[in-house]
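Report on the structure
Single-letter residue listing:
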Amino acid sequence: MMVLLVALARAADPPAFAGADVAGAALAGAAPAPPKTRLAAELGGAFTSGNTSTYTLNAGVDADHRWARNKLGIDAGANLGRSVLDTNADGKLDDAERASGWAETAKKAWIEPRYDRYVGARDSLYVLAGTLIDPFAGYDNRSHAQLGYSRVVYTQPRTQVVVELGADGAREDRVEGVEPAEVYVLSARVMLGLTHTFNDNVRFTNKLEVYESIPELLDVRVLNQASILAKLSTAFSLKLSHDLTFDNAPVEGFQPLDHTTTVTFVASIL
């Protein structure tokens with residue numbers, strides 16, 4: 001699959017990459033002229049049975065509507081997985097293990113609506129709210145609200161760079177057995193976003209966010225989302241994504257670093 005992506009990146013420019021400018025502007029926050037609606041859905045997964053039994057499912061929705069100096073968007077997704085576990089670690093599934101049934105091995109879901117109000121050709125003020133379910137990182141629910149300022153600091157036909165500054169308030173409801181069970185976090189947020197279109201078929205995006213807790217300066221949270229999108233047809237694309245989450249002060253008993261790599265098919269519905 002990587003060979004396919006590289007080959008497309010080096011190809012001569014074929015017919016236009018539908019939505020490339022839209023996607024770049026979505027990251028950058030650039031104000032559109034006429035009202036416009038964009039909706040993309042992605043889906044990927046794997047299933048095995050026989051000597052092993054496991055499945056994973058990755059899904060996401062990215063949409064926004066723009067009118068005048070306003071943009072209303074939503075980002076939602078889920079990474080789910082279940083397996084029949086080799087509990088005695090003997091390298092095979094015996095009858096007792098198969099009889100025990102499926103066990104969750106991944107469960108992460110999120111939704112985040114956002115509103116931008118443009119105050120210039122490259123500037124917007126934004127407010128957003130979201131919630132995250134990730135029990136394997138210690139969160140029954142992590143909800144947050146945020147407001148800030150977005151600025152396009154560099155823009156060329158194929159490349160855009162945006163910087164955002166904001167303040168974020170979060171409430172963390174931890175999984176059972178973890179103390180404290182409920183935590184409130186106030187953070188300063190810095191985001192650096194890059195969109196680069198290699199050609200009319202392939203686009204790369206990277207979004208780096210740093211949350212610095214106030215006043216707990218050692219409580220730093222870093223999120224990085226990188227993806228490369230290769231167009232397969234007018235409506236469908238192949239997407240390779242890597243998400244990294246680093247929490248310098250994780251929930252007690254959980255690891256500070258999480259990686260998620262997914263391959264999904266993306267359908268541009270609108």
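Our structure is the block above this text.
So, here's what we can say about the structure. (Residues numbered from 1 in each chain as written. Predicted model: local features only at pLDDT ≥ 70, side-chain atom pairs only at ≥ 80, totals over all residues. Heavy atoms only, no water.)

**Concerning the overall build of the protein chain**
Across its full length, the protein chain holds three helices and twelve strands. In the protein chain, which comprises 270 residues, the proportion classed as buried is 39%. Approximately 14400 Å² of the protein chain is accessible, and the part contributed by carbon and sulfur atoms is 63%. (Helix = DSSP H or I, 4+ residues; strand = E, 2+ residues; numbered from the N terminus. Buried < 20%, exposed > 50% of the residue type's maximum accessible area, 1.4 Å probe, protein only. Areas by Shrake-Rupley, 256 points an atom, 1.4 Å probe, with all protein chains shown as cover.)

**Details of the pairing of strand 11 (residues 236–247)**
Relative to strand 11, strand 10 (residues 220–231) runs antiparallel, the two being bridged by eleven bridges. The residue of strand 11 that forms the bridge with Ser-227 is Ser-241. Counting the residues in the hairpin turn of strand 10 and strand 11 gives four residues. By the bridge criterion, eleven bridges tie strand 11 to strand 12 (residues 257–268) in an arrangement that is antiparallel. Residue pairing across strands places Lys-239 opposite Thr-264, the latter belonging to strand 12. (Pairing = 2+ DSSP bridges.)

**Section: the nonpolar core**
Ala-137, Tyr-139, Val-175, Val-178 and Val-251 form the largest nonpolar core, which has five residues in total. Not counting the four nearest positions on each side in its chain, Tyr-139 is found in contact with Ile-133, Asp-134, Glu-172, Asp-173, Arg-174, Val-175, Arg-221, Asp-247 and Val-251. (Core = buried A, V, L, I, M, F, W, Y, C linked by side-chain atoms within 4.5 Å. Contact = heavy atoms within 4.5 Å.)

**Describing the side chain of Lys-108**
Tracing the backbone through its elements, the reader meets Lys-108 in strand 4 (residues 103–118). This buried residue, Lys-108, is left without a salt bridge; Asp-134 holds the nearest opposite charge, at 4.6 Å. With residues near it in sequence (within four places) discarded, Lys-108 still touches Gly-77, Ala-78, Asn-79, Leu-80, Leu-132, Ile-133, Asp-134 and Thr-245. (Lys, Arg positive; Asp, Glu negative; His and termini not counted. Salt bridge = Lys/Arg side-chain N within 4 Å of Asp/Glu carboxyl O.)

**A few points about the packing of aromatic side chains**
Centre distance and the angle of the planes are the two values used to describe a pair of aromatic rings. Counted according to the given criterion, the structure contains one aromatic pair. Considering the side-chain rings of Tyr-55 and Trp-102, the 5.6 Å spacing of their centres and the 55 degrees angle between planes classify their relative orientation as tilted. One end of the pair, Tyr-55, is in strand 2 (residues 54–67); the other, Trp-102, is in the loop between helix 3 (95–99) and strand 4, and 47 residues separate them in sequence. Owing to a relative accessible area of 29%, Tyr-55 belongs among the partly exposed residues under this scheme. The positively charged end of Arg-114 is found above the aromatic ring belonging to Tyr-126, 4.2 Å away from the centroid. (Phe/Tyr/Trp six-rings, centres within 6.5 Å; stacked < 30°, edge-to-face > 60°. Lys NZ or Arg CZ within 6 Å of the ring centre and 35° of its normal.)

**Concerning a nonpolar patch on the surface**
A cluster of nonpolar residues, Leu-165, Val-190, Leu-192, Leu-208 and Val-210, forms a patch on the protein surface that exposes about 370 Å² of accessible area. Sorting the residues of the nonpolar patch by element identifies strand 8 (182–199) and strand 9 (202–213) as the ones contributing at least two each. Relative to the helices and strands, Leu-192 resides in strand 8. On the accessibility criterion, Leu-192 (43% relative accessible area) is partly exposed. (Patch = residues over 30% accessible without salt bridge, like charges linked within 9 Å, V, L, I, M, F, W, Y side chains within 5 Å.)

**Here's the deal with the sheet that holds strand 11**
The twelve strands are arranged 1-2-3-4-5-6-7-8-9-10-11-12 in a closed barrel whose pairing can be described as antiparallel. In this sheet, adjacent strand axes meet at a mean angle of 20 degrees when their direction is disregarded. In terms of strand pairing, strand 4 meets strand 5 (residues 123–134) through eight bridges, oriented antiparallel. Bridge pairing in strand 5 links Tyr-118 to Ser-124. (Axes fitted to C-alpha atoms, helices over the stretch in contact; angles between N-to-C directions.)

**Digging into the pattern of salt bridges**
Scanning the entire structure with this criterion turns up 15 salt bridges. Across the pair Arg-151 and Asp-123 runs a salt bridge whose closest N-O atoms are separated by 2.9 Å. Taken as a pair, Arg-151 in strand 6 (residues 139–155) and Asp-123 in strand 5 lie far apart in primary sequence, 28 residues in all. The salt bridge involving Asp-200 is made with Arg-158; its shortest N-O contact spans 3.8 Å. Taken together, the positions of Asp-200 in the loop between strand 8 and strand 9 and Arg-158 in the loop between strand 6 and strand 7 (159–174) put the pair 42 residues apart, joining distant regions of the chain. Residue classification places Asp-200 among the partly exposed positions, given a relative accessible area of 22%. Among the charged side chains, a salt-bridge network with shared partners connects Arg-114, Asp-116, Glu-164, Arg-189 and Glu-209.

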